[in-house]
Structure formats: structure tokens, C-alpha cells
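# Understanding the architecture of this molecule
Below are the chains, spelled out letter by letter.
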Amino acid sequence: MSCSACGIVIGDDVKALQCDRCQSNDSWKCIDCVDLSSDVYDHLMCNMNCSLKWFCDKCDVSNAIGNGHQAASDSKIDSLLGLVERLLDKLTGLETKLNEKCNVQELNKMEIRLKEVEEILRRGLLQLKVNCLTRLIM
Ligand SMILES: [Zn+2]
Ligand SMILES: [Zn+2]
């Protein structure tokens, strides 16, 4: 076992971290190479429940793209879709009421509002997609 960056052999006297994700044998890095003070290292080792994780370069990249950004935008899209569903429910309910009254004029007004809402949501989703892409590229 040796540090994947500087190649130092990792024995009992060398403080090093193994990738928390792939846990592969060549993912070890000594604390000098991950810029960790030995105080912090000691703290990590005696707090196994500590939420701080270290990922090797390979996992760090796939982790950031696979989970981090994606999860954030997914939840935004989810809440936006939830909003759309609630709005459509409301509008369907209103339409039914209006149909019962046979008020054609009101119904036409509702249809115009519905189109406006659709347009706003479409623009919102587009903006969200652009934001995601910019974040992935940067
Ligand atoms: Zn090293
Ligand atoms: Zn890894």
C-alpha cells in the first residue's frame, strides 16, 4: 500500500486516507497530499460517524457530477412539476365548475390564463436546464 500521489509507503506510522467511495487499494493518499493536518486526521479517526468523507480524484469527479449538481437540479424540477400538477388540478376544477354554469366567456378567459401559466412554466424549465448545463461546464 502506498500513497497514490507521492508514492510513500503507508505503514502504521503514516497517516493516510482511503477513498470512502471505491475503497480501492490504490486510492490511498497520505494526509500531506490531501492537505490534512494530523489533528484533523486524528479527529476523523476517532469519530467514525463523522460525515466528512474523502474521495479519490476519480470518485470526486463522478460524485460531483453524478450526485451533487444533478440532485440539486432534480429536486428543483420535481418541485416545479409538483407546482404544475397543483395548478392543473385547480384549473380542471374551475373548468368543471364553469362548464356546469355554461359560461363560455369565463371559460375563454380561463383558457387564456392557462396558456399564460404554461408559457411561464416552459420558460422556467428552460432557464433551469441552462443553469444545470452552465454548472456542469464550469
Ligand atoms: Zn502522499
Ligand atoms: Zn475512489
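Residues numbered from 1 in each chain as written. Chains lettered and ligands numbered in written order. Predicted model: local features only at pLDDT ≥ 70, side-chain atom pairs only at ≥ 80, totals over all residues.

### Re the overall build of the protein chain
The test is simple: Only DSSP runs of H or I reaching four residues or more are called helices, and only runs of E reaching two or more are called strands; each is numbered from the N terminus. Three classes are used. A residue is buried when 20 or more other C-beta atoms lie within 10 Å of its own, exposed when 12 or fewer do, and partly exposed in between, with C-beta atoms placed from the backbone. A pair of residues counts as a contact when their C-beta atoms, built from backbone coordinates, are separated by no more than 7 Å.
Within the protein chain, the secondary structure is distributed over 3 helices and 2 strands. Counting from the amino terminus, the protein chain carries its helices and strands in the arrangement β-β-α-α-α. By residue count, 7% of the 138 residues in the protein chain fall in the buried class. By sequence separation, contacts in the protein chain at least 24 residues apart represent 49% of the contacts at least 6 residues apart.

### Let's talk about the nonpolar core
We apply this condition: Core membership is restricted to buried Ala, Val, Leu, Ile, Met, Phe, Trp, Tyr and Cys residues, and these are joined into a nonpolar core through C-beta atoms within 7 Å.
With 5 residues, the main nonpolar core is built from Cys3, Ala16, Leu17, Trp28 and Cys30. Discounting residues that sit within four places of it in the chain, Cys30 has contacts with Cys3, Cys6, Ile8, Ile10, Val14, Lys15 and Ala16.

### Re unusual backbone geometry
You will see that Gln23, though not glycine, has its phi angle at about 50 degrees, which is positive. With a phi angle near 60 degrees, Asp35 is a residue other than glycine that sits in the positive phi range. Turning to its location among the elements, Asp35 is positioned in the loop between strand 2 (29-30) and helix 1 (38-46).

### Details of the confidence of the model for the protein chain
Put simply, the test is: Here pLDDT means the predictor's own confidence in every residue, given as a number from 0 to 100.
On average, residues of the protein chain carry a pLDDT of 77, and 72% of them reach 70 or more. Across the protein chain, strand 2 holds the top mean pLDDT of 93, while helix 2 (residues 57-101) sits lowest at 69.

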